[in-house]
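Residues per chain are reported as follows:
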Amino acid sequence: MSGKIVAVGNLKGGTGKSTVAVNVACALASGGRAKVVLVDADGQGTATDWGAKGRLGVSVRSHPFEEAGGAGSAAWNAAVDELKAGHDFVVVDLPPQLGDATLNALVGANLFVVPVTASGADLKATAKAIDLLRRARALRDDRRPACLLVPSRVDRRTAAGKEIEAVLHDFGEPVAPAIGQRTVHVDAFTAGEWVGAYAPRSVAHDEIEVLAAIVRRVK
Ligand SMILES: Nc1ncnc2c1ncn2[C@@H]1O[C@H](COP(=O)(O)OP(=O)(O)OP(=O)(O)O)[C@@H](O)[C@H]1O
Ligand SMILES: [Mg+2]
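We now turn to the structure provided with this report.

What counts and what doesn't
- Residues numbered from 1 in each chain as written.
- Chains lettered and ligands numbered in written order.
- Predicted model: local features only at pLDDT ≥ 70, side-chain atom pairs only at ≥ 80, totals over all residues.
- Heavy atoms only, no water.
- Pairing = 2+ DSSP bridges.
- Helix = DSSP H or I, 4+ residues; strand = E, 2+ residues; numbered from the N terminus.
- Axes fitted to C-alpha atoms, helices over the stretch in contact; angles between N-to-C directions.
- Contact = heavy atoms within 4.5 Å.
- Near = heavy atom within 4 Å.
- Polar contact = N/O pair within 3.5 Å; in protein donor to acceptor, adjacent residues only side chain to side chain.
- Areas by Shrake-Rupley, 256 points an atom, 1.4 Å probe, with all protein chains shown as cover.
- Nonpolar A, V, L, I, M, F, W, Y, C, P; charged D, E, K, R; others polar.

## Brief notes about the sheet that holds strand 2 (residues 36-40)
Reasoning step 1: Ordered in space as 3-2-4-1-5-6, the six strands form an open sheet in which the pairing is parallel. Either end of the sheet is taken by a strand with one partner, and the two such strands are strand 3 (59-62) and strand 6 (146-151). This sheet shows a mean twist of 20° between the axes of neighbouring strands, independent of strand direction.
Reasoning step 2: For strand 2 and strand 3, the ladder comprises four bridges, and the chain directions are parallel. Residue pairing for strand 3: Leu38 is matched across the bridge by Val60.
Reasoning step 3: Helix-sheet contacts for helix 1 (residues 17-29) involve strand 1 (4-8), strand 2, strand 4 (89-93) and strand 5 (111-116), and the interaxial angle to strand 4 is about 165°.
Reasoning step 4: Where helix 10 (residues 203-216) meets the sheet, it contacts strand 1, strand 4, strand 5 and strand 6, and its direction lies at approximately 175° from that of strand 6.

The following block contains the structure:
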């Protein structure tokens, strides 16, 4: 088995990276559809904390970049490669950092999922994330990783929330259907569950399933 690496990141804090990483990982795994492991590469440990109650249905491995250190990229890659061998998907929750460790993670990934909120500051950080993506592609010869921009925490009552898809299309990468700003996402984290277990009949769950269906098709 050689699993697909789905790296979830952006260079801005609080865009919903961990929320998307955890929920997409769980959706991919739900109903026994795939063998999935979630790698928490962020020293803040959000995904690790989320999984600590043992209610996620996927295992969370803590492999923070910080610990990997200077020579650590090779060690980090080795750990992820080992997980790839035993799973259909390795979903990586990246820290909000620019740098060699993130570049290194992208070079090995099949797909870079980038949650973006509708704020101006976020769009600037997203431009930098896409620069990093293109640097990763330049180090390969197959136009990988693919990219998926995900409008995140979207509030359609705001002007920026109404326009986010149009703005994201200008980056020249595929844009996924939006993930709305919904309180069940906050409550599911508190419960240590993904939204499909916490609120299976919610719009929030439907939105995650739509996103997971796109991620599932990654080559
Ligand atoms: N779609 C959403 N609806 C409502 N709340 C959300 C949504 N996505 C994320 N949040 C909330 O916003 C906060 C930040 O989300 P999250 O931790 O997923 O972001 P992050 O990008 O991983 O942050 P960091 O940069 O700190 O790692 C959390 O309190 C989370 O519950
Ligand atoms: Mg996070």
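After that view of the structure, there is still more to cover.
## Looking at the site of ligand 1
Reasoning step 1: Within the structure, ligand 1 sits among 17 residues, and Lys17, Ser18, Thr19, Gly180 and Arg182 are positioned closest to it.
Reasoning step 2: A distance of 2.9 Å separates an oxygen atom of ligand 1 from a polar atom in the backbone of Gly14.
Reasoning step 3: With respect to ligand 1, the side chain of Arg153 contributes an N or O atom lying 3.1 Å from an oxygen atom.
Reasoning step 4: Protein coverage of the free-state accessible area of ligand 1, which is 620 Å², stands at 83%.
Reasoning step 5: Looking at the shell around ligand 1, the elements that each hand over two or more residues are helix 1 and helix 8 (183-191).
Reasoning step 6: Among the elements that take part in the shell around ligand 1, helix 1 stands out by supplying three residues, more than any other.
Reasoning step 7: Along the lines of polarity and charge, the residues of the shell around ligand 1 split into three nonpolar, ten polar and four charged.

## Things to note about the environment of Gly32
Reasoning step 1: Of note, Gly32 is situated in the loop between helix 1 and strand 2.
Reasoning step 2: Taking C-alpha positions, Gly32 is 15 Å from Val90, a pair spaced 58 residues apart along the chain.

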